[in-house]
Amino acid sequence: MKLTLSVIKADIGGYVGHSHMHPRLMEVASETLDGAKASGLLVDFKVLHCGDDLELIMTHTKGEEDPDIHKLSWDTFLRCTEVAKEMKLYGAGQDLLADAFSGNVKGMGPGVAEMEFEERKSEPVIIFMADKTSPGAWNKPLFRMFADPFCTAGLVIDPSMHGGFRFDVLDVIDNKRIELSCPEEMYDLLVFLGASSRYMVRGVYRKSDGEVAAKASVQRLNIMAGRYVGKDDPVLIVRSQSGFPAVGEVLEPFSFPHLVEGWMRGSHNGPFMPVSFKDANPTRFDGPPRVIAAGFQLCGGMLVGPVDMFDDPSFDYARQKALEIAEYMRRHGPFEPHRLGLEEMEYTTLPSVMEKLKGRFESLD
Ligand code: 13P
Ligand code: 13P
Ligand code: MG
Ligand code: MG
């Protein structure tokens, strides 16, 4: 029997500001999904949050992009938005861009990562959820997990992974995709992955048999809405062990807090800090950007877990490093590279300042 794992998320209101999730919203989401589980639509679910983002983790047998599952998520976000509005939480309904559901939440604001697969004899999965960043934040960790032998020993020593993995890469500006195969096209792949505000990994597949290994949410709220509506805080599903990277190989890339975009007003670069669930409440300058990892063993579609994977002192060094980098970046104030380049900023005063000063620019030609 094929199982589908759907992770669908939205910011439906922050508490306080953009820092945290009000527990009442998580209760309302759980009540709603409980009803869907009782009716048989869902096999199982878990509700988590990362900062101000509500994360619906669901298992079912209806396949990817199923209208009933997407409608359930949309309705859940709407119900939570109602409660957020009653409490006057910040930015209630922030990520819900459409007025009416049209069959699929993609393009309507929520972030979506889904994969369908045959559950293995033992099926460990890690779900990463981030706040104050964008889906480009997964490029570097995904490359490290599935293509870098200095991270993933299995690429060298495990016969079932030795053939390598295929990366499905999206160009979010031209709305095109390309598949590139590692290790043989590694240098071509890195040309794109390094430009992580434009090219984003959508999925990773094992080359020997085409099995899905990872899926990421790649929605870009700012482009979809054509105006600032909040950063597109992403999620990522990774399968692990037995022909996929070991759990430790999946987590290892996060021992380095690389710079990602999305801090403060969606307009600054900052270090990607791996934290436990309880520390996923960004406050310093609305950050720094955060990532949590929820580990599950699937059992007939039941989500056995979550285990809070970054709740481990072995990530203390990465957190300390992230704090040092945060301090260093903050000292730049409104200067690049802390502030994003002009074309990447979520909002800017440039047009109005230009308009005001246009008569004072003197041509030097
Ligand atoms: P165990 O021997 O603890 O099962 O670990 C296997 C392993 O090599 C994990 O990386
Ligand atoms: P969210 O995208 O998490 O709502 O954050 C908005 C922001 O830029 C806060 O500074
Ligand atoms: Mg918010
Ligand atoms: Mg957020």
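The structure contained in this document is the topic of the report that follows.

Near ligand 2 you find 13 residues, and of these Asp11, His18, Lys132, Arg265 and Asp286 are the closest. Taking Asp131, its side chain carries an N or O atom lying 3.0 Å from an oxygen atom of ligand 2. Residue Asp286 places a side-chain N or O atom 2.6 Å away from an oxygen atom belonging to ligand 2. Out of a free accessible area of 300 Å², ligand 2 has 98% covered by protein chains. Split into classes, the residues belonging to the shell around ligand 2 amount to two nonpolar, three polar and eight charged.

Now for the nonpolar core. Membership of the largest hydrophobic core comes to 39 residues, with the highest contact counts inside it found for Phe128, Trp138, Leu142, Phe146 and Phe167. If you tally residues by element for this core, the top one is helix H3 (residues 139–147), at five residues. Residues Val28, Leu54, Ile69 and Val112 belong to the second largest nonpolar core, which totals 29 residues.

Next up on the list: the coordination of the magnesium ion (ligand 4). Listed as protein donors to the magnesium ion (ligand 4) are Asp52 (OD), Asp53 (OD), Asp131 (OD) and Asp233 (OD); their distances from the metal cover 2.1 Å. Taken in chain order, the donor set of the magnesium ion (ligand 4) reads D-D-x77-D-x101-D. For the pair the magnesium ion (ligand 4) and the magnesium ion (ligand 3), the metal-to-metal distance amounts to 4.5 Å, and Asp52 bridges them. With Asp52 in the loop between strand E2 (44–50) and strand E3 (53–60) and Asp131 in strand E5 (residues 123–131), this pair connects stretches of sequence that are 79 residues apart.

Rules used in this analysis
Residues numbered from 1 in each chain as written. Chains lettered and ligands numbered in written order. Predicted model: local features only at pLDDT ≥ 70, side-chain atom pairs only at ≥ 80, totals over all residues. Heavy atoms only, no water. Near = heavy atom within 4 Å. Polar contact = N/O pair within 3.5 Å; in protein donor to acceptor, adjacent residues only side chain to side chain. Areas by Shrake-Rupley, 256 points an atom, 1.4 Å probe, with all protein chains shown as cover. Nonpolar A, V, L, I, M, F, W, Y, C, P; charged D, E, K, R; others polar. Core = buried A, V, L, I, M, F, W, Y, C linked by side-chain atoms within 4.5 Å. Buried < 20%, exposed > 50% of the residue type's maximum accessible area, 1.4 Å probe, protein only. Helix = DSSP H or I, 4+ residues; strand = E, 2+ residues; numbered from the N terminus. Donors = N, O, S within 2.8 Å, 3.2 Å for Na, K, Ca; no water.

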